[in-house]
Amino acid sequence: MRRVALKYRPKTFQEVIGQEYPKRVISQLILNNQSCANLLLHGSVGSGKTTLVRIYAGALNCEKPTALGDRCFSCDRCKALDEGDRSGFVELDTPKFRDFKTLKGEFDRIIDIAISTKRRTVVFLDEAHVLSKYRDSFDYFLKTVEEPPPNVAFCFATTALERISDALRSRAMLLEVRPLSETQSVDLLSRASVEEGLVFHPEAISLLAGLGENQPRNMLQALDMMGLVSNGVEITRDRVATVFGVDYIEHLVRYFESVGSGRFDLQTTKFLEWQDAVSRIVRLIQLFLIGLYYTELCGLAVSVAPVIGSIRKEERQRVIGAFARRLPGLDLRAFFEDLLNVWPVVTADLSDEALLAIVLRFQVVANKGEIAPRALAAMERIAPEPVPVKGPSDRTVRSKEARQGDADAPNDPAYLNRGHVRSIFAASSFLVQAGHQPFNARITIRHRIFGYEAQPDASTHFGKFSQALKGRLEHWGGTGLRIFVQERSEQEGSCGRVITHIPDPAVAASWFSAWHKAIRVGGAEDEAVTFEMVPAGERLEGHWSCVRWLCGGFNPADPIFTKLSIEPKFQRVAGDIGKRNRLDSSEPLGAAARLAEERNSGGLSLMSAFDDGCFERLYDGWELDESGFRKEERLRWKQAVAELEQRYFLYGSKEAKEVRDYELEELRRNWSTPKRHWRTWGAE
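Residues numbered from 1 in each chain as written. Predicted model: local features only at pLDDT ≥ 70, side-chain atom pairs only at ≥ 80, totals over all residues. Heavy atoms only, no water.

## Let's talk about the overall build of the protein chain
Cut-off, in case you're wondering: Helical segments are the DSSP runs of H or I of at least four residues, strand segments are the runs of E of at least two, and each set is numbered from the N terminus. For this measure, only C-alpha atoms enter the radius of gyration; the expected value for a globule follows 2.2 Å times N^0.38, where N is the number of residues. Burial here depends on accessible area, computed with a 1.4 Å probe over protein chains only, as a share of the maximum for the residue type. Under 20% is buried, over 50% is exposed, and the range in between is partly exposed. Whether two residues are in contact is decided by their heavy atoms, any of which lying within 4.5 Å being enough. To measure how exposed things are, a 1.4 Å probe is used in the Shrake-Rupley method; for residues, cover is taken only from the protein chains shown. The positive count covers Lys and Arg only, the negative count covers Asp and Glu only, and His and the chain ends enter neither. Charged side chains are reduced to one point each, which is NZ for Lys, CZ for Arg, CG for Asp and CD for Glu.
Each helix and strand counted, the protein chain has 26 helices and 10 strands in total. Relative to the globule expectation of 26 Å for 684 residues, the C-alpha radius of gyration of the protein chain, 29 Å, shows essentially globular dimensions. With the C-alpha coordinates aligned to their principal axes, the bounding extent of the protein chain is approximately 80 × 65 × 55 Å. Counting all 684 residues of the protein chain, 49% fall into the buried class. Within the protein chain, contacts between residues at least 6 apart in sequence are counted, and of these 75% link residues at least 24 apart. Roughly 32,400 Å² of accessible area belongs to the protein chain as shown, and the carbon and sulfur atoms make up 51% of that amount. The average position of the 92 basic charges and that of the 93 acidic charges among the side chains of the protein chain differ by 2 Å.

This is the structure in structure tokens:
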């Protein structure tokens, strides 16, 4: 090959496409007196982990780095680096060592050399997860990594973060190197193809990006391959597909045409003709379904993935035409939403049998050709929920009535709106009803102190903090469940506010103090992340105090504001954050999780004093009583289902499964719930 990937390998942070967060962190280390720090970069093969480390090492040894944290390319050390001097960067490719003893010996030798040279040195361990196959290997490195020699930085790269020990993770800055977006991928390939004198059709570029999985090196290697077989004419999508042996586009379109026709026999034939891994087929079906919904039914010029973007418009219209001919007059947009509802989150641990069952269910729903009624909450995460109206406890009826009373709710972008507050209360109440530990901590992170002033950068930084916090909470023995709000003020800039349960305040205080300390603005380090523990109380007093604090940015002009009794010291202006998400929470607290809880309790509806308009009962701790009641009902339902399943345990035929499923639905339909043993409100 012509080594196109090496030719376009970035030499400065500015040349790196995407990766804004890792670039910002590493370049800030250079600007902070060329600080040596331990880094752990994780991401897919070819994503650019080694490139970032090499740029860091070069800038560390530059005599006059630029204002952007890049090396100058003109000083003696930069010239020596360009001429092949690698004394400031030592790479250990861990898979090539046959045993840990040899690796240790090489590691120790490198450390001795680095100390003797008295210049900044980056020791880079690529594919660091391989260390996990050696007993006590991570422990061997910990002491040296935790207390490195002067002017030595340890950088680790891995494609399997889960195999890196928690102890080593805690001693390095964790930086995720992500795949490029579709736009970035297409731009990279388009620019490189022009430089290489290659002419590609846009669909061919999209397909190349998909084949390279949006990873820079993989995409450029694919481009290199096409350059070798190019004959000087425009390279089409079909030419790329032929060179790489790709036939899934044709299979995908034909399969969807059969789904549109409603013929189960044809669908089965087309699916079985598709010779590929079931997991890959399922992923492509999902992506194409989403792509059709956005482009053909919503009229949006978006593409969910490059491989889907390479499918021609006439091919997409053929598929939609097949549905339209069979279902004239049907709202195809609503119908496709039903089809999307069939698909769960497909994870790597699902067996081929489980995936085939999902495909079968998809075809059954598609062939019915009906728009099924469904609860809106099933399509939401923690989206704004309707206004509360007193009435029946049934959640569906309550939701419908609440929507009809939403006209008086003001919507000022400088405040949390009523939907935000309702979502916070719904998640917080559900947390206790489901038996989780109540909230006991209020956390604020001020992104300005980390150098992030613009809202997009602050939002990205908040996401990193939230994920890191989740991992720490789970490591400390907690659940990691949390609710978080983004706010902005002139005094503090962009802030993130979080409520959660912290099992060990002392350990948490130490972690908050150390998290990304190297990039904090000098003199204000202690204000970057602050937290306050709240006494629990007997009836969730501390839990609801945390909730009222998080809702402190609620609009005081809302008619229900006074009913929430938010303390004056908590009240504030949330600030306009533009189109960024104001509110989010852990998925186990979202609308889908709440639906699952009801289903796993035999259809027992969740209680909500907020949605029923019983504001006088918001803070009396009734969730503690409801939690015990729900636990009993979950156990009763689980035992009934187990007894039913046991009758069919030895029967694996399709007919036996159909009978079992029928009886399970009958059990669910006829299931009765006893009266709650605690004082409720309204009719149940």
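## What about the confidence of the model for the protein chain?
Stated formally: Every residue carries a pLDDT, the predictor's confidence in it, which falls somewhere between 0 and 100.
Put simply, the protein chain has an average pLDDT of 84, and 91% of its residues get 70 or more. Residue range residues 374-397 is modelled with pLDDT below 50. Its contacts to residues more than four positions away, or to other chains, number 80 contacts.

## Some remarks on the sheet that holds strand S8 (residues 493-500)
Selection criterion: Two strands form a pair only when DSSP identifies at least two bridges running between them. Only C-alpha atoms enter the line fits that serve as axes; for helices the fit covers just the stretch in contact. Angles between N-to-C directions range over 0 to 180 degrees.
On the basis of which strands lie adjacent, the open sheet formed by five strands has the order S9-S6-S8-S7-S10 and antiparallel pairing. This sheet does not close on itself; its edge strands, each paired only once, are strand S9 (529-533) and strand S10 (583-585). Between one strand and the next, the sheet's axes are offset by a mean angle of 20 degrees, whatever the strand orientation. Two strands pair when backbone bridges link them, and strand S7 (residues 482-489) and S8 are joined in this way by eight bridges, in the antiparallel orientation. Looking at S8, one finds that Arg 482 is bridged to Thr 500. Lying over the sheet, helix H20 (residues 418-433) contacts S7, S8 and S10, oriented at roughly 155 degrees with respect to S7. The strands that helix H22 (residues 505-514) touches are strand S6 (441-446) and S9; relative to S9, the one it contacts most, it runs at about 170 degrees.

## Regarding the state of the cysteines
Heads up, the rule is: Cysteine sulfur pairs qualify as disulfides if the two atoms are within 2.5 Å.
By the definition in use, this model includes zero disulfides. As a non-bridged cysteine, Cys 78 has Cys 75 as the owner of its nearest cysteine sulfur, 3.5 Å distant. Unpaired in terms of disulfides, Cys 551 finds its nearest cysteine sulfur in Cys 546, a separation of 11 Å. Of the residues examined, Cys 551 reaches a relative accessible area of 1% and is grouped as buried.

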